[in-house]
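One letter stands for each residue in the lines below.
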Amino acid sequence: MFVDSHCHLTFPELHDRIDAIRADMAAARVDRALVICTTLEEFPRVHALALRHDNFWSSAGVHPDNEGVEEPTVDRLTALAALPKVVGIGETGLDYYRLGERTVHDMQWQRERFRVHIRAARQVHKPLIVHTRSASDDTLAMLREEGAEQAGGVFHCFTETMAVARGALDLGFMVSFSGIVTFRNAEDLREVARFVPLDRCLIETDSPYLAPVPHRGKVNNPSFVPHVAATVAQVKGVPLEEFARATSANFERLFRVPAPAATAN
Ligand SMILES: [Zn+2]
Ligand SMILES: [Zn+2]
């Protein structure tokens, strides 16, 4: 009944424990997950998980933080996006958090990479999975400039302001909340969660990182996503069952995946 819209099951913390994680997911009523790709080198393993398990799907893309990896082209991404069970382009976006010695100006390569993803998403009509950190103005500006509303998508692991949420919604994008929304000091983010319409909300773990309360500090996995759902449902004043149904329907609509009844697993 719950969907984890963003997890990294190929990361070393999780990859050797897939069977145990799947059992925990079933026990927690987390019936589906979108496994997110962060490099082209990693794609075959991400995609293999989606092919092996009926209730897993895959994305194709290169994370903005990854340097020294194969650079994607529009053609490469559109080819990967055409493969079975690849339902989104990303994760992609802009991240100016780790500039080090560099300035924002030096991050032109990141903006070019983001542009390539947006163009690929528009070509294949698949949604963008957007990562933005310390770069929300440029992220929104580039999405507008490149006509990303034609592809649609989601701002994942949302930690930005109300104004940025409004910008994402104006573009027709969804907003996905992670375990951060459960953290004690995240009152501003809970205000954003209250504001985002129910038909535009997704939930995710971004596992193995950012485990929600009461598992904070542990290795995260998709079976923890109900804790994210419980917090957002509570701040919105919506019964948990209704919130789970709504966010699952949003996932199906955005990524064009079948409802569970049609999923043989
Ligand atoms: Zn991310
Ligand atoms: Zn991620």
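Higher on the page you've got the structure.
Here is what the cut-offs are and how they apply
Residues numbered from 1 in each chain as written. Chains lettered and ligands numbered in written order. Predicted model: local features only at pLDDT ≥ 70, side-chain atom pairs only at ≥ 80, totals over all residues. Heavy atoms only, no water. 1 Å grid on protein atoms, 1.4 Å probe; cavity = no way out; pocket = protein on both sides within 12 Å on 5 of 7 lines; lining within 4 Å. Points joined across faces, edges and corners; volume = space filled by probe spheres on them. Helix = DSSP H or I, 4+ residues; strand = E, 2+ residues; numbered from the N terminus. Nonpolar A, V, L, I, M, F, W, Y, C, P; charged D, E, K, R; others polar. Donors = N, O, S within 2.8 Å, 3.2 Å for Na, K, Ca; no water. Tetrahedral: all angles 85-135°; square planar, octahedral: opposite > 155°, others 65-115°. Buried < 20%, exposed > 50% of the residue type's maximum accessible area, 1.4 Å probe, protein only. Axes fitted to C-alpha atoms, helices over the stretch in contact; angles between N-to-C directions. Parallel < 35°, antiparallel > 145°, perpendicular 65-115°, else oblique. Contact = heavy atoms within 4.5 Å. Polar contact = N/O pair within 3.5 Å; in protein donor to acceptor, adjacent residues only side chain to side chain. Pairing = 2+ DSSP bridges.

1. A word on the layout of surface pockets
Okay, step 1: Size it by volume and the largest pocket reaches roughly 470 Å³.
Okay, step 2: For the lining of the largest pocket, the secondary-structure elements that each account for two or more residues are strand 4 (86-95) and strand 5 (128-133).
Okay, step 3: At 3 residues, the largest contribution of residues to the lining of the largest pocket is made by strand 5.
Okay, step 4: Classifying every residue of the lining of the largest pocket by side-chain character gives 7 nonpolar, 8 polar and 7 charged.

2. Points about the coordination of the zinc ion (ligand 2)
Okay, step 1: The zinc ion (ligand 2) binds to the protein through His6 (NE2), His8 (NE2), Glu91 (OE) and Asp206 (OD), with metal-donor distances spanning 2.0 to 2.5 Å.
Okay, step 2: One can describe the site at the zinc ion (ligand 2) as irregular: its 4 donor atoms subtend angles covering 87 to 176° at the metal.
Okay, step 3: Linear spacing of the donor residues for the zinc ion (ligand 2) on their chain is H-x1-H-x82-E-x114-D.
Okay, step 4: Between the zinc ion (ligand 2) and the zinc ion (ligand 1) the interatomic distance comes to 3.5 Å, and glutamate 91 is a ligand of both metals.
Okay, step 5: Residue histidine 8 is classed as buried on the basis of its relative accessible area, which comes to 2%.

3. Regarding the packing of helix 6 (residues 136-145) against helix 7 (residues 162-170)
Okay, step 1: Between helix 6 and helix 7, the least distance of the axes is 11 Å, while the angle of their chain directions is 10°. It follows that helix 6 is roughly parallel to helix 7 by the angle criterion. For the pair helix 6 and helix 7, the contacting residues are Ser136, Leu140 and Arg144 in the first and Val164, Gly167 and Ala168 in the second.

4. Some points on the side chain of histidine 117
Okay, step 1: Within the secondary structure, histidine 117 sits in helix 5 (residues 108-124).
Okay, step 2: A distance of 2.7 Å separates the side chain of histidine 117 from the backbone oxygen of arginine 113, its partner in a polar contact.
Okay, step 3: Apart from the residues lying within four places of it in its own chain, the contact partners of histidine 117 are Gly61, Val62, Pro72, Leu77, Ile89, Gly90, Thr92 and Leu128.

5. Considerations on the sheet that holds strand 1 (residues 2-7)
Okay, step 1: Within the open sheet, the 8 strands sit side by side as 1-2-3-4-5-6-7-8. Their pairing is parallel. Each having just a single partner strand, strand 1 and strand 8 (201-203) make up the two edges of the open sheet. Sheet twist, expressed as the mean angle between neighbouring strand axes with direction ignored, is 30°.
Okay, step 2: Pairing of strand 5 with strand 6 (residues 153-155), which is carried by 3 bridges, proceeds in the parallel orientation. Bridge pairing links valine 130 to phenylalanine 155 in strand 6.
Okay, step 3: Against the sheet, helix 10 (residues 240-255) contacts strand 1, strand 2 (30-35), strand 4, strand 5, strand 6, strand 7 (174-177) and strand 8, and its axis sits at roughly 100° relative to strand 8.

6. Digging into empty space enclosed by the protein
Okay, step 1: Counted by the stated rule, this structure contains 1 cavity of 30 Å³ or more.
Okay, step 2: Size it by volume and the largest cavity reaches roughly 30 Å³.
Okay, step 3: Lining the largest cavity are Ser5, His6, Ile129, Val154, His156, Ser176, Leu202, Glu204 and Phe255.
Okay, step 4: Considered class by class, the residues forming the lining of the largest cavity number 4 nonpolar, 4 polar and 1 charged.

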